[in-house]
Amino acid sequence: MLKFYKIYIEIKGKTMSKSNYNEELWEEIPRFAYMALGRRGREQISLRECFIPSCNSVDEDKLHPINKEKESKIVANGDAELQKLKFLIHCDVCKQNFKLIFERHLNNKLKNSESEEKKIVLERVFATNADEKENFGEIGFIQQN
Ligand SMILES: [Zn+2]
């Protein structure tokens, strides 16, 4: 009896949590970040892994974006903008959530650029725990196209 009960709970939990996932958010999350290595060039770091230090799973099929938040702050009399794109991601391996936070520095003086992406002068990414109280550190910078 106990065995059947356990199986039921597991299936229910799986179905419930799956409905919270937004897999299409992967399209907005770059696949790689880069770390400058001085004269040795740069190291490519996959953003399809769990950044919770006790886990560090590299199984991307076990990662599921949940939501996205955007914060924007206009600075330098409107000439510049600081944006934060925050993606909450669930890891099936450690069963915890973490955030990938992209910090974008935009130059709003580039008026001729039609897209927001083209105004980006610098974009860095770091990881935190779910409530952003614990910073897991900077991962690297994002190469703009
Ligand atoms: Zn994990």
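The preceding data block contains the structure.
Conventions we followed
Residues numbered from 1 in each chain as written. Predicted model: local features only at pLDDT ≥ 70, side-chain atom pairs only at ≥ 80, totals over all residues. Helix = DSSP H or I, 4+ residues; strand = E, 2+ residues; numbered from the N terminus. Buried ≥ 20, exposed ≤ 12 C-beta atoms within 10 Å, placed from the backbone. Contact = placed C-beta atoms within 7 Å. Pairing = 2+ DSSP bridges. Core = buried A, V, L, I, M, F, W, Y, C linked by C-beta atoms within 7 Å.

Caption draft 1: Focus on the environment of Ser46. Assignment of secondary structure puts Ser46 in strand S2 (residues 42–46). Looking at Ser46, the number of C-beta atoms within 10 Å reads 11, which means it is exposed. Ser46 sits 93 residues away from Ile139 along the chain, and the two C-alpha atoms are 9.4 Å apart. Discounting residues that sit within four places of it in the chain, Ser46 has contacts with Arg31 and Phe32.

Caption draft 2: Structural detail: the pairing of strand S3 (residues 63–75). Bridge count between S3 and strand S4 (residues 80–91): 12 bridges; the pairing is antiparallel. Bridge pairing in S4 links Ile74 to Glu81. What sits between the antiparallel neighbours S3 and S4 is a turn of 4 residues, in which Ala76 has the positive phi angle 55°.

Caption draft 3: Layout of the nonpolar core. Ranked by size, the top nonpolar core spans 16 residues in total, and within it Cys50, Ile89, Phe98, Leu100 and Val125 carry the most contacts. At the level of elements, S4, strand S5 (96–107) and strand S6 (120–129) are the ones that each hand at least two residues to this core. Once residues lying within four places of it in the same chain are set aside, the contact partners of Leu100 are Ile29, Leu47, Phe87, Ile89, Val125 and Ala127.

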